[in-house]
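Commentary on secondary and tertiary structure
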Amino acid sequence: MNIDQETGEVIGKGRSPRFTLWLPLLLAFFAFATITMGSAVSVKKAQADSNTNARWAVFCAAFSFAITGIVVLMHMSPLFSTYIVGTKLEGVVTVVLAAFWAATVSVVANASTGLAVDANKDNTIVNGNLYYFSWAGFVTSILLVVSYLRGVFGVDLVGEVKNRAARLTLWGGFLACQLVVMGASANIFDKDCANEDTSSSYCKRTKFGISLGAIGTTFALVVVAMKMLTSIAPFVVEGVLALVLCIMNGFGVAFLTSAQGPGSPIGNLYYFSWLSWFTSFMLLGSVYEDYTAGGPAVNNDSESKSEDVQVESIEEL
């Protein structure tokens, strides 16, 4: 096995470390392309105004499958692998696929399009394969981008996030979950409560979901910004916010995913309401663990570094 000393890429047999991601991605895209094409036919027959969304899903599936197939074939060829392995072309392809899948998830998971979620059936997932494979394709495309940056440019995004500040990964995940909760609740409110009595229990719970997502997003953004700019956040502030968010998302799960809530059908709001509460609980547990250990890990590291400096100065004397 030959390894490029500058980039760390595996050049033996004309394959890169991302080949193990490209191959299952090709299989996932093939399944997604087949499913979306079948779904598009049924949508075209049932809903004439959803043709644009159906065509977009089919185009994205076909385009992603074709590009991924070409990349896999180039990886398997020692001759053509030099044009794709660790080159700018591979980076462009991974970014384009990630952008396409981000747009596809927003279309497929939107109940108003009627592709994977039926708004006429209480926002229930009617095509599970289409729904789950679209999310799987998006997650895998993000993994490809991260793998490319780590292998070619030496940018270890996961390592940088972990070393930047304690719990930054959890806060970032919580921020993403709250954005989905806010967006899904707003989408349901526009569809189901725009022309109805907003004082009903269903609409009140939907408005609570919007407020919960907005508050959680704001708090998470504040903490993430402090950690990114200063590498730390006030320990007390972080602990109080984690406790408040854990309690709020506990009520959110109870109100949103109950039988009378907008998130009772299996969909984005259901999944991400539970993910938000689980992530906030993990945040609270991490803060409590640091508290019982005597303070945040960052402060301990700084104290140990200062002690090392003092020891070194004594030894020099």
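About the cut-offs
Residues numbered from 1 in each chain as written. Predicted model: local features only at pLDDT ≥ 70, side-chain atom pairs only at ≥ 80, totals over all residues. Heavy atoms only, no water. Helix = DSSP H or I, 4+ residues; strand = E, 2+ residues; numbered from the N terminus. Buried < 20%, exposed > 50% of the residue type's maximum accessible area, 1.4 Å probe, protein only. Contact = heavy atoms within 4.5 Å. Areas by Shrake-Rupley, 256 points an atom, 1.4 Å probe, with all protein chains shown as cover. Core = buried A, V, L, I, M, F, W, Y, C linked by side-chain atoms within 4.5 Å. Expected span 1.5 Å × (residues − 1). Axes fitted to C-alpha atoms, helices over the stretch in contact; angles between N-to-C directions. Parallel < 35°, antiparallel > 145°, perpendicular 65-115°, else oblique. Left-handed = near helix turned anticlockwise from the far one by under 90°. Nonpolar A, V, L, I, M, F, W, Y, C, P; charged D, E, K, R; others polar. Arc of directions from axis to C-beta.

Let's shift gears to the overall build of the protein. Broken down by element type, the protein carries 10 helices and two strands. Starting at the N terminus and ending at the C terminus, the protein contains elements arranged as α-α-α-β-β-α-α-α-α-α-α-α. Burial status across the protein gives 42% buried among its 317 residues. In the protein, of all internal contacts separated by at least 6 residues, the share reaching a separation of at least 24 is 70%. Total accessible area on the protein is roughly 16700 Å²; 67% of this is exposed by carbon and sulfur atoms.

For soluble globular proteins, the rule of thumb is that nonpolar side chains tend to be buried together. Formed by 13 residues in total, the largest nonpolar core has its most connected members in Trp 171, Phe 174, Ala 220 and Leu 283. Those elements that place two or more of their residues in this core are α6 (168-192), α7 (201-230), α8 (235-256) and α9 (268-292). With residues up to four places along the chain from it excluded, the contact list for Ala 220 reads Trp 171, Phe 174 and Leu 175. In this structure, Val 108, Ala 109, Ala 111 and Ile 125 belong to the second largest nonpolar core, which totals 12 residues.

Taking 1.5 Å per residue as the helical rise, α6 with its 25 residues ought to reach 36 Å, and the 36 Å between its terminal C-alpha atoms agrees with that figure. Every buried residue belonging to α6 is among Leu 168, Trp 171, Phe 174, Leu 175, Cys 177, Gln 178, Val 181, Ala 184, Ser 185, Ile 188, Phe 189 and Asp 192, and all of these are buried.

Attention shifts here to the packing of α6 against α7. Look at α6 against α7: their axes get within 8 Å of each other, and the N-to-C directions meet at 155°. Relative to α7, the element α6 lies roughly antiparallel. In terms of crossing hand, the pair formed by α6 and α7 is left-handed. Across the contact of α6 with α7, the residue classes tally to 20 nonpolar, eight polar and three charged.

A separate point is α8. Taking 1.5 Å per residue as the helical rise, α8 with its 22 residues ought to reach 32 Å, and the 31 Å between its terminal C-alpha atoms agrees with that figure. Looking only at α8, the buried set comprises Phe 235, Glu 238, Gly 239, Leu 241, Ala 242, Leu 245, Cys 246, Asn 249, Gly 252, Val 253 and Leu 256. Down the axis of α8, the buried set is contained in an arc of 160°. They therefore lie on one face. Considering only its buried residues, α8 is in contact with α6, α7 and α9.

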